[in-house]
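Listed below are the residues making up each chain.
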Amino acid sequence: MHSDPKGSENFGPGSVAKATGPGPVSSGGSDEAADLARARKALLTGGVKNRRLDAPSLRHALVDLHEFWLTTKGTELGIKPDCGFAIVAVGGLGRRELLPYSDLDLILLHDDMDPAVVSHVADSLWYPLWDAHIKLDHSVRTLPQALQVAATDMTAALGMLEARHIAGDMELSNLLISGVRRQWRMDIRSRFDELITQTRTRWERSGEIAHRAEPDLKSGRGGLRDVQLLNALSIAQLTDGMPGLGPNSPGGGLALAHRRLLDVRTELHRVAGRARDQLRAQDADEIGAALRIGDRFDLARLLSESARTISYSVDVGIRTAGNSLPRRGLSRLRRAPVRRPLDEGVVEHAGEVVLARDARPKKDPGLVMRVAAAAATNGMPISASTLNRLADNAPELREPWPKNAVNDLLVVLGSGSRAVPVIEAMDRTGLWGRLLPEWGTIRDLPPRDAVHTWTVDRHLVETAAYASGFTTRVARPDLLMLGALIHDIGKGRGGDHSVVGAELATAIGNRLGLWPSDVATLTAMVRYHLLLPETATRRDLDDPATVQRVVDALEGDGTLLDLLHSLAEADSLATGPGVWGDWKSSLIGELVRRCRLLMAGEELPQPDPLAPEQLAIAEDGGVHVSLVPAENPHTYVVTVIAPDAPGLLSRAAGVLALQSLRVHSASLGSHAGSAVNSFVVTPRFGTPPQAVLLRQELIRASAGELNLLELLDAKDEEARAEQWDDPIQTNKDLAVPVLYSQAPPRVIWFDAPGDGHAILELRTEDRVGLLCRLAAALEHSGADIRWAKVATLGSSVVDAFCLDFGEADTRAARERVEEAVLAVVPVPQPKKKED
């Protein structure tokens, strides 16, 4: 509160003198405030000994200057210990982060003093500052009034949590500071939702600093307000003040990120000559030079790195705080969260992916990718402590990578938008760069043109997320997702990034252990990822030489053409709004169509040959089941040889699924009246069952004692319920039911040699017991499976079945089979409704 100017008198020791009546405010205060304004100006212009202070020194000098003036003025007004008045700073001065043109946020706190005295003191304190044109955000309150405001106004409460005593009655200030903090801790359970809602609203309004051309350094996601949010959660004793990242992380940790943002905002004030939170493009070069960072691109990279470090820390802080809140209502009666197994050494606990108690990160190089795959598949965040433990202890993956690790990488990439927070978290903690050392050059690298929405590294992840929706368009979904992830990996190194990137792609492909032919395809994808869009939009498609040039560059490889077609769309969609449209789509589609006319047709899928030992066992007859370790850790080969009968493939695959064995590939053949089914599997967790148990369960299923489809449906329902039953999870919008997929399923028919034979190729995404369901659907549709070849590439499946329709090989028979097959595959993920 404040009133008209009052007369002033000298106040006696230990008390504030009473106002004696109307009169002008002493001009001495105005002179002192004018001196304060002149001193501020000198600090900003380098007028102090002609020395320009750097950003941290300037903030410290401004804090000292204003504290000195307030303390001196308070003493003049009698605001001393035990006087019943206290000057309390909040905002930048309270945090000791006063910026050149920030408001001076002050509270004049009094112990229920006489209103006339309070009015006189307030006017004597505020008016000199106003007269000197110093921006002031002020309030005059008693202790109960201040506590009441903090209890009802979220913004005021967050400000008072950072309150600091400046002058006067320190006991009164301490009562306010401790009271506000105690009240905040007591009320946090009822105020937490409001706090998070307010935070998310601020993010929606101000956007992400890391990916904005003109970011809001204060209110944007990853900005200074988020650091204050972490401090508020720490005061509430829900999390520590520096969650998630330490100084050894790629961004240098939260403290360094905070200091960098403060330095940029300090120089922004100095350059603009006024308070400003949004960094304008025209100021970026000057600010970068003042901070000795470089040009505007170097500044943008530093801001992205700092903001993403803060964003990750805030995500960890909010999640930790949510899990720390006392439960309310009926939820208090629920049992404590259980540790649900997700994969070998990986469990879910309280909505986060954590390590199992018996996990040994130092001896398990593949554990990092299993954790990432479990998180992406289930739409759950990885616990910060788990990431830190892996970063500290997990050994490097040997080269070439084990196939299981490559498969887990593909699972992550195939999870669509759910991969983004997983990769972001791994990157902020140093794990992603350890897997892909080439990533360091493009991390936080800003785009060179305004059409790009994201930094280069985030653009690659977004491209992979879009590509996951196109996996059923191509014969090699694994190469599509890998190519999407690294297509711009050559940027930031000088030269043509496609040429540079192709060399890096070769090294990456060899490190992953891809076949030489696949390495060549991956390299060509990176080298020619701009070939289709540039040719289609810049050259005459009616000129035969244009099409011939593309076909020659791709050496007539139709598979590579399809991969580049899908990559071009994913790349455009991930670039920014309006980059992919009907015009560009139609031109590239027409170019691809004309190229196909010049290329040879696709080869038919072929069955795998049977090994001599398999042929010998098949000739002996009977039911045989073997399980032997494969070349890769945690991988086994299960061979089932039994009398050839309808339903055998479905039953064998169903038994494996019920025993939590994931099928990575399978091959079905026959010899001498016996079916020979071979499966490459990994246990979901633990060790695999013995072969004798698998044989016993197969015999039970063949005798009708096990309803495999009902049991698999129950397993699906259980997994879906566990996936969604999370009362605390803060990113529930990322979780996706297990029967949803990123890409729509696709069925391709080929005419096969032999009367009544046809080959059905299915491209879809995996689900529990998919092979069992597919085989059952085919058998119930009246088609006899002659041979099959199954490949699971990450979360994508490419299955080929040679079907014998006999004399019923008609269009209607194929349509009936196709309908039955599509009824058991995952359906495309529904689009999220816009708010």
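1. Some remarks on the nonpolar core
In this structure, W401, M426, W432 and W439 are the most contacted members of the largest nonpolar core, which totals 92 residues. A total of 9 residues in this core trace back to one element, the largest contributor, which is helix α12 (residues 367–378). Excluding anything up to four places from it in sequence, W432 contacts L409, I423, M426, D427, W439 and L485. In this structure, I107, M154, I235 and A236 belong to the second largest nonpolar core, which totals 55 residues.

2. Concerning the sheet that holds strand β7 (residues 352–355)
Reading across the sheet, the 3 strands line up as β5-β6-β7 and stay open at both edges, with antiparallel pairing between neighbours. Two strands bound the open sheet, and with one partner strand each, they are β5 (340–343) and β7. Strand-to-strand twist across the sheet, computed as the mean angle between neighbouring axes with direction ignored, equals 40°. One ladder, built from 4 bridges, connects strand β6 (residues 346–349) with β7; its direction is antiparallel. Bridge pairing in β7 links E348 to V353.

3. Comments concerning the packing of helix α2 (residues 55–76) against helix α9 (residues 254–272)
Closest axis-to-axis distance for the α2/α9 pair is 9 Å, and the angle between their directions is 75°. The angle between the axes of α2 and α9 places the two elements in the roughly perpendicular class. Each of A55, P56, L58 and R59 in α2 lies in contact with α9, whose residues at this interface are R259, L262, D263, T266, E267 and R270. Per-class residue counts for the contact of α2 with α9 are 4 nonpolar, 1 polar and 5 charged.

4. Description of the sheet that holds strand β8 (residues 624–629)
Taken in spatial order, the 8 strands make up an open sheet running β8-β9-β11-β10-β15-β16-β14-β13, and their pairing is antiparallel. Two strands bound the open sheet, and with one partner strand each, they are β8 and β13 (746–751). With strand direction ignored, the average angle separating the axes of adjacent strands in the sheet is 15°. Examined bridge by bridge, strand β15 (residues 784–793) and strand β16 (residues 796–804) share 9 bridges and lie antiparallel to one another. Within β16, the position partnered with K789 by the bridge is A800. Helix α14 (residues 403–413) contacts β10 (661–671), β11 (674–683) and β15 of the sheet and is inclined by roughly 85° relative to β15.

5. Remarks on the side chain of R418
Note that R418 resides in the loop between α14 and α15 (419–428). Here R418 occupies a buried position and makes no salt bridge, while the nearest side chain of opposite charge, E765, is found at 5.7 Å. A polar side-chain atom of R418 sits 2.8 Å from the main-chain carbonyl oxygen of T377.

6. Here's the deal with unusual backbone geometry
When glycine is set aside, most residues are seen to have a negative phi, and most peptide bonds are trans. A cis geometry characterises the amide bond from E399 onward to P400, with omega recorded as -5°. Position of P400 relative to the elements: it lies in the loop between α13 (384–393) and α14. Residues other than glycine seldom take positive phi values, yet H133 does so here, at roughly 60°. Considering the arrangement of structural elements, one finds H133 in the loop between α4 (115–131) and β3 (136–142). Backbone geometry places S660, a non-glycine residue, at a positive phi of 60°. Here S660 shows up in the loop between α27 (648–658) and β10.

7. A look at the pattern of salt bridges
Here the idea is simple: oppositely charged side chains can pair when their charged atoms come close. Counted by the stated rule, this structure contains 47 salt bridges. Note that R511 and E399 form a salt bridge whose closest N and O atoms lie 3.6 Å from each other. In this pair, R511 is assigned in helix α20 (residues 497–512) and E399 in the loop between α13 and α14, connecting sequence segments 112 residues apart. Among the residues examined, E399 registers a relative accessible area of 58% and is labelled exposed. Residue R594 pairs with E590 through a salt bridge whose shortest N-O separation is 2.6 Å. Residue R594 and its partner E590 are both found in helix α25 (residues 582–598); the two are separated by 4 residues, about one turn of the helix. Judged by relative accessible area, R594 falls into the partly exposed class, the value being 24%. Judged by its relative accessible area of 23%, E590 falls in the partly exposed class. Three or more residues joined by partner-sharing salt bridges are found here, namely R308, E424, D427, R428, R443, D444 and D457.

8. Here we look at the packing of aromatic side chains
What the rule picks out here adds up to 3 aromatic pairs. Taking 5.1 Å as the distance between ring centres and 80° as the angle between the ring planes, the aromatic pair formed by Y127 and W130 counts as edge-to-face. Taken together, the positions of Y127 and W130, both in helix α4 and 3 residues apart, correspond to about one turn of that helix. Looking at Y127, the relative accessible area reads 22%, which means it is partly exposed. Ring centres of W432 and W439 lie 5.9 Å apart, and the angle between their planes is 85°; on these two criteria the pair is classed as edge-to-face. What makes W432 buried here is its relative accessible area of 1%.

Criteria and thresholds
Residues numbered from 1 in each chain as written. Predicted model: local features only at pLDDT ≥ 70, side-chain atom pairs only at ≥ 80, totals over all residues. Heavy atoms only, no water. Core = buried A, V, L, I, M, F, W, Y, C linked by side-chain atoms within 4.5 Å. Buried < 20%, exposed > 50% of the residue type's maximum accessible area, 1.4 Å probe, protein only. Helix = DSSP H or I, 4+ residues; strand = E, 2+ residues; numbered from the N terminus. Contact = heavy atoms within 4.5 Å. Pairing = 2+ DSSP bridges. Axes fitted to C-alpha atoms, helices over the stretch in contact; angles between N-to-C directions. Parallel < 35°, antiparallel > 145°, perpendicular 65-115°, else oblique. Nonpolar A, V, L, I, M, F, W, Y, C, P; charged D, E, K, R; others polar. Lys, Arg positive; Asp, Glu negative; His and termini not counted. Salt bridge = Lys/Arg side-chain N within 4 Å of Asp/Glu carboxyl O. Polar contact = N/O pair within 3.5 Å; in protein donor to acceptor, adjacent residues only side chain to side chain. Phe/Tyr/Trp six-rings, centres within 6.5 Å; stacked < 30°, edge-to-face > 60°.

No statement about biological role is implied by the geometric values presented.
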